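Given next are the chains, with one letter for each unit.
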Amino acid sequence: MEKIGICAFSQTSVESDKWYQRFQEMAFEVVKDLLEQTSLDFSDSGIEMTISVSDDVFDARTISDNAMTDVLGAHYRCEEKVAQEGLQAIYYACSVINSGIADVVMVVGHCKESQAKSRNMVTHMAFDPFYARPVGLDFQIAAALQAQTFLDRANIGEDELAQIVVRARERGSKNVLYPNLTPVSVEEVIASKYLAKPIRELHAYPVSDGAVGFILASEKKAKEICKDPVWVTGVGCSMDTYFPGNGDLINLGSLKKAVSRTLDRANTSLDSIDIYEFSDQYAYQLPLYLTNLGFCNLEDVSSFIKNGGLDEKNINLSGGMLIGAPLILGGLFRVVEAIKQLKGISENQIQDPKTAIVQSSMGPAAQFNSAVVLSRDN
Amino acid sequence: MYRNSFIVHGKLALPYQYFAGRLGSKFIKTLEKEHKIIGTRCKKCNTVYVPPRSICDRCFLDIKDNLEEVSKEGTVLSYTVVNSYEDHYPERPPFILGLIKLDKADTPFVHIIKNVPINKMKSNIRVRAIFSNTPTDTILNISHFEPVDYSVFEVGYTYEELEIGMSASFTKTITETDVYLFAGISGDFNPMHVNEEYSKKGIFGKRVAHGVVPQSLIAPVLGTKLPGLGTVAIEINTRFRRPTYFGDTITAIATVKEKIEEKKWVKMALKFINQKGEIIADGEAIVMPPKG
Amino acid sequence: MRDRKREVAIVGVGQTKYSSHREDVNQPEMISEAIFEALEQTSLTMDDIDCIVHGNMELFEMIYQPDLWHTIGTGASGKECLRLTTGGTTGATLVCAADALVASGMHDIVMAIGFEKLQEGHTTGGITNMADPLWGRKLQSGALVGITATQMIEEFGEERAKKASIDYRIIMDMHAMKNPKAHRRLGLNFDMAEDLMNNSPQLVGELRMIHMCSQSDGACVVILASEDKAKEICDRPAWILDHVTVHREEHMGTLFGFKKEKLTHRHAAEVLFKRNNINDPVNEFDVFEMYDPSSWWGVDWLREFLLFDGDEHLKLVENREILIDGKFPVNPSGGVIASNPIGATAMVRFAEAALQIMGKAGEHQVKKEVNKALASGFGGTFWTVLGILTADKPER
Ligand SMILES: [Zn+2]
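Residues numbered from 1 in each chain as written. Chains lettered and ligands numbered in written order. Predicted model: local features only at pLDDT ≥ 70, side-chain atom pairs only at ≥ 80, totals over all residues. Heavy atoms only, no water.

**What about the overall build of chain A?**
Secondary structure summary: chain A contains 13 helices and 11 strands in total. A globule of 378 residues ought to have a C-alpha radius of gyration of about 21 Å, and chain A, at 20 Å, matches this closely. Each of the three principal axes of chain A carries a C-alpha extent, and together these read 55 × 45 × 35 Å. Each of the 378 residues in chain A was classed as buried or not, and the buried ones make up 72%. In chain A, the proportion of contacts linking residues at least 24 apart, taken out of those at least 6 apart, comes to 77%. Surface exposure of chain A reaches about 10,800 Å², of which carbon and sulfur atoms provide 48%. Separation of charge centres in chain A, based on 34 positive and 49 negative side chains, amounts to 0 Å. (Helix = DSSP H or I, 4+ residues; strand = E, 2+ residues; numbered from the N terminus. Rg over C-alpha atoms; globule rule 2.2 N^0.38 Å. Buried < 20%, exposed > 50% of the residue type's maximum accessible area, 1.4 Å probe, protein only. Contact = heavy atoms within 4.5 Å. Areas by Shrake-Rupley, 256 points an atom, 1.4 Å probe, with all protein chains shown as cover. Lys, Arg positive; Asp, Glu negative; His and termini not counted. Charge placed at Lys NZ, Arg CZ, Asp CG, Glu CD.)

Here is the structure:
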């Protein structure tokens, strides 16, 4: 595919309860910042289309984007809502821009997980009403079943999971936009109570409120809008069969397909990527993804984690999704962190990375996966 | 905390009625009326879907008429112990949910598992469907699953669970009957064990038990207590210290002495004492603890 | 008008029968019926489909991210998938997105799926949840807004306005009688006009039960293909010339008609017609599939979409020119008044317009050759998606 440029990015702080803002205000903070950064307006020579990301159940509103028309600059203009994992808004924007239908697209995702009594209650609604809801399934339970299979079959245990959480929080705590995040010790992780065994409270990503947005443009337009755009060179995704129709919960076909499609479109390989940002909603997911993508195998995953493989390979330098992000925005918040690394402005900056891959998942036991490859000019 | 900020409480309490469809209804009714579990087979890829699906999404073929019965027993592929409370849970925590694949089916589903000690639950156990007496119009026409064989939970300590210093014992009084039975088993009718008049002239002054009779009391310790069920003994070495007379009460004690990491074996210190607290034998054993 | 990387055409359409009673199937099963029909029409298999685009209203059935469960019936497993929701316009938005996915070169063949199983939920309750919980939830009562009837009566007189809206309603039913997929097929004729317009139960003022759209269960599937593939798959594909999406800000003044701001319908038509040099829509389009939630709106919106200012729209109805064999056929399928599976409804407009171009509409095929068709979607708070399909591959 032809690369498209990210001309601006913005995010609000990510907090466990942004009680002082409605979701519209949260999104407006991001939109205002994006407009200021780029000096664009909503016109045929400015932003031609807005793609929002949210979903009606978390928003508790049917067609929740109708509450956003003014905020998203769509008065007598175009707005469309991706009601799916947020990276898919970038995927969609790529198709719109590459087709020639629009040159400049704004993507804005927002979600207040705190609005729901429990996010598990929301994800419970993803299941069929006859066979899965009656036994209480939700994404957390599906994750626990997947985690148990992983612990049964892989050489990994409590210590490694705790180590992943400790590392994530230590890195995330450096980021002022995550004010509720505190560092923890291995002992605290192992002592935290089980939510659904083997998943402990500190293994799970924190309940999160926040908004995030980008201005995307064709190569030509992007260069006009800003001096140093970060390029989206590949996008891709894949659906897996409905949980738990695929009996092998730790063979993530959709993750492998999503990543390989993305790399193919970007005409690159996993080895040539400098930094990796995975959306790990629970501590076991990061090592599970790594075994599926060939960073390590089921036998040596423990030593990979214990011997600093994550730092060595530049995996989740930001701390990953364990530092917080609303469920449907995991991927977009990871894109922010990848852009910061590419621009040299990350709190956890490494030297001179040029390419990044961002992954996200949605659905029970990572049924749906999505990815983007980012790069910058030399 | 919520200073100068309104909260409007809302609830999305809309009524919904979901239709399981003809096939789904047949599955649910068959559970209720016949206590049978049916699935559908895709004749192209041979996958048997349980609960039944109308379409094989791998081959995208209509398979709704290819019904077949599957077993009421199956294997737990994975499980979780749910520990936090949510309104949508079918039980009060803690409770167990298992990913269960029935025999003759290819796709697993999630259901409640009961009658298992929560801390003993593990993957790969065999379970059986227990049907509900009250119809539910859902998969809860199977009330829950139960283990087929309870003995799988009675396992001893695994290598990881054993810690140096852990100890267990067994105590028994050695009677004349024990000694005569052992003489019969082994063919060792040495007069020092079976002839009182002969023994009076010997160094112990009366009949004594065969040396291995009190020492055999270590078998129930290692095999049923520490490490416990599932243990395999590799090697036992003991030294005789004192005789055991008829009527003596002997305690066999095993203590974890060393963990042999490379083999995942454990070295146990053995000690046998009588009712006076005298050591009648000691030694050590190497055992392979159960895998869990 | 803008260049595109490549041209895209609708090459296949599948629809379930629309009905208020689909207790016999669950959601994925219902969707698969439409997919099987589209695959059969195109002689494609699921393996030929590169990407699935899916949409509906989550709260209407209360399934969170329903594409996950629906994988059982959509065949999406292993494929790329995109899920979009924009209220009533969703179905049309899905067509636009599928168009972009193919035009961009990312995919050759994309399947868009719109569905709703309204029987399972509570639509009016669901729509009421659209309003702002702080300011509006107690004010808005479903989609039953009768303001347009009052305004038309004020402008054109009671008799003429009421007659036009009931004639429109009868014409839609006459069309629906020719469409075996249509949900409500009542067998109305013009002799019944007087009785219906005076005796049908009143909802709000002169908005009566008979004027309103149905609530339906059903799914619609549209297969789009790239220019290389389109001709292989379909003899006479329906090319996508252009489309435009126009939203308008929600506020109570416009919503309840206290303040008459320009409708998005008119704005969309102005933008689209200008871009594509359409100067005389009535003569240039051979058929119009319009999202008409009630017959009052149907009549009123003809004026907006066709950029009329006077009473030309009434005349089109009065002279029966919107009949299937008239000069400007509107909704030969029977329209939304006959069938309304909300997440699919706007897609059905594009699908039916495409069938007319393909010549595959069956009994409700427009007699004259259809070379250019207009299709509209409606949703949200007066949101519009408007698109043009052509029999000739677009020259840009
Ligand atoms: Zn099959």
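Next comes the rest of the account.
**Observations regarding the coordination of the zinc ion**
All names here are of chain B. Distances from the zinc ion to its protein donors, Cys42 (SG), Cys45 (SG), Cys56 (SG) and Cys59 (SG), fall within 2.2 to 2.3 Å. Angles of 106 to 114° at the metal separate the four donor atoms of the zinc ion, which places the site in the tetrahedral class. Written as a sequence motif, the donor residues of the zinc ion are C-x2-C-x10-C-x2-C. Residue Cys45 is classed as partly exposed on the basis of its relative accessible area, which comes to 30%. (Donors = N, O, S within 2.8 Å, 3.2 Å for Na, K, Ca; no water. Tetrahedral: all angles 85-135°; square planar, octahedral: opposite > 155°, others 65-115°.)

**Things to note about the packing of aromatic side chains**
Centre distance and the angle of the planes are the two values used to describe a pair of aromatic rings. Under the counting rule described, the total for this entry stands at 28 aromatic pairs over all chains. With a centroid separation of 5.7 Å and an interplanar angle of 90°, the aromatic rings of Trp19 of chain A and Tyr20 of chain A are classed as edge-to-face. Overall, the relative accessible area of 39% leaves Tyr20 of chain A in the partly exposed class. An aromatic cluster of at least three residues, connected via ring pairs, comprises Phe58, Phe127, Phe139 and Phe243 of chain A together with Tyr64 of chain C. In this structure, Arg119 of chain A is placed above the aromatic ring of Tyr205 of chain A, and the distance from its NZ or CZ to the ring centre is 3.8 Å. (Phe/Tyr/Trp six-rings, centres within 6.5 Å; stacked < 30°, edge-to-face > 60°. Lys NZ or Arg CZ within 6 Å of the ring centre and 35° of its normal.)

**Some details on unusual backbone geometry**
With an omega of -5°, the peptide bond between Val50 of chain B and Pro51 of chain B qualifies as cis. Of note, Pro51 of chain B is situated in the loop between strand S2 (48-49) and strand S3 (55-56). Residue Pro94 of chain B follows Pro93 of chain B across a cis peptide bond; omega there is -5°. Along the polypeptide, Pro94 of chain B turns up in the loop between strand S6 (73-82) and strand S7 (95-102). You will see that Tyr76 of chain A, though not glycine, has its phi angle at about 60°, which is positive. By the element assignment, Tyr76 of chain A lies in the loop between helix H2 (56-59) and strand S3 (79-82). Even without glycine at this site, Leu307 of chain C takes up a positive phi of about 60°. Relative to the helices and strands, Leu307 of chain C resides in the loop between helix H13 (295-305) and helix H14 (312-318).

**Side note on the pattern of salt bridges**
In this structure the tally under the stated criterion is 66 salt bridges over all chains. Salt-bridge contacts for Lys33 of chain B lead to Glu32 of chain B; the nearest nitrogen and oxygen are separated by 3.3 Å. Glu32 of chain B sits in the buried class, given a relative accessible area of 19%. In this structure, Lys262 of chain C engages Glu270 of chain C in a salt bridge whose closest nitrogen and oxygen atoms are separated by 3.0 Å. Exposure remark for Lys262 of chain C: the relative accessible area of 35% places this residue in the partly exposed category. (Salt bridge = Lys/Arg side-chain N within 4 Å of Asp/Glu carboxyl O.)

**Quick word on the interface of chain A and chain B**
At the junction of the two partners, chain A supplies 36 residues and chain B supplies 42 residues. Across the chain A to chain B interface the summed buried area is about 3,300 Å²; carbon plus sulfur atoms make up 59%. Sorting the residues of chain A by area buried against chain B places Trp19, Tyr131 and Val135 of chain A first, and these three jointly supply 24% of that buried surface. Inspection of the chain A/chain B interface yields one salt bridge. With a closest N to O distance of 2.7 Å, Lys117 of chain A and Asp87 of chain B form a salt bridge. Counting across the interface, chain A meets chain B through 16 residue pairs in polar contact (both at pLDDT 80 or more). When contributions to the side of chain A that touches chain B are tallied by element, the ones reaching two or more residues are helix H4 (119-124), helix H5 (139-153) and strand S5 (194-196) of chain A. (Buried area = accessible area lost by both parts, 1.4 Å probe. Polar contact = N/O pair within 3.5 Å; in protein donor to acceptor, adjacent residues only side chain to side chain.)

**Quick word on the pairing of strand S2 (residues 49-53) of chain A**
Residue and element names in this part refer to chain A. Within S2, five of the five residues are buried, leaving the element largely enclosed by the surrounding structure. The two faces of S2 match: Met49, Ile51 and Val53 on one face and Thr50 and Ser52 on the other face are all buried. Relative to strand S4 (residues 104-112), S2 is paired through five bridges, and the arrangement is parallel. Opposite Ile51, over in S4, you have Val107 as the bridge partner. Here four bridges tie S2 to S3, and the two strands are oriented parallel to one another. Residue pairing in the sheet places Ile51 in a bridge with Glu80 of S3. (Pairing = 2+ DSSP bridges.)

**Some points on the nonpolar core**
Ranked by internal contacts, the top residues of the largest apolar core, which has 246 residues, are Phe214 and Leu374 of chain A. No other element matches the 12 residues that helix H16 (residues 342-358) of chain C contributes to this core. Leave out the neighbours within four places in its chain, and Phe214 of chain A touches Ile6, Ala8, Phe9, Leu34, Val105, Met106, Val107, Leu332, Val335, Val336 and Ile339 of chain A. If you look at the next biggest cluster of nonpolar residues, it comprises 49 residues, including Ile156, Val259, Ala283 and Ala371 of chain A. (Core = buried A, V, L, I, M, F, W, Y, C linked by side-chain atoms within 4.5 Å.)

**A closer look at the interface of chain C and chain A**
In this assembly, 65 residues from chain C lie in contact with 68 residues from chain A. Between chain C and chain A the total buried area reaches about 5,300 Å² when both faces are included, carbon and sulfur atoms providing 57% of it. For the interface between chain C and chain A, the tally reads two salt bridges. For the salt bridge of Glu80 of chain C with Arg265 of chain A, the shortest nitrogen-to-oxygen distance reads 3.1 Å. Put simply, chain C and chain A have 25 residue pairs in polar contact (both at pLDDT 80 or more) between them. Of all elements in the fold, only helix H2 (58-61), helix H3 (67-74), strand S3 (80-83), helix H4 (90-103), helix H5 (123-128), strand S8 (238-246) and helix H11 (264-275) of chain C reach the threshold of two or more residues within the side of chain C that touches chain A. In terms of residue count, the dominant contributor to the side of chain C that touches chain A is H4 of chain C (seven residues). Broken down by class, the residue content of the side of chain C that touches chain A amounts to 28 nonpolar, 20 polar and 17 charged. (Nonpolar A, V, L, I, M, F, W, Y, C, P; charged D, E, K, R; others polar.)

**Let's talk about the domain arrangement of chain A**
All names here are of chain A. Looking at chain A, the domain boundaries give domain 1 (4-115 + 209-225) and domain 2 (137-202 + 233-378). The centre of domain 1, based on its C-alpha atoms, is set 24 Å off from the matching centre of domain 2. Contacts between domain 1 and domain 2 engage 30 residues on the former and 35 residues on the latter. Between domain 1 and domain 2, the buried area comes to about 2,600 Å², and carbon and sulfur atoms account for 75% of it. (Domains from an automatic or database assignment.)

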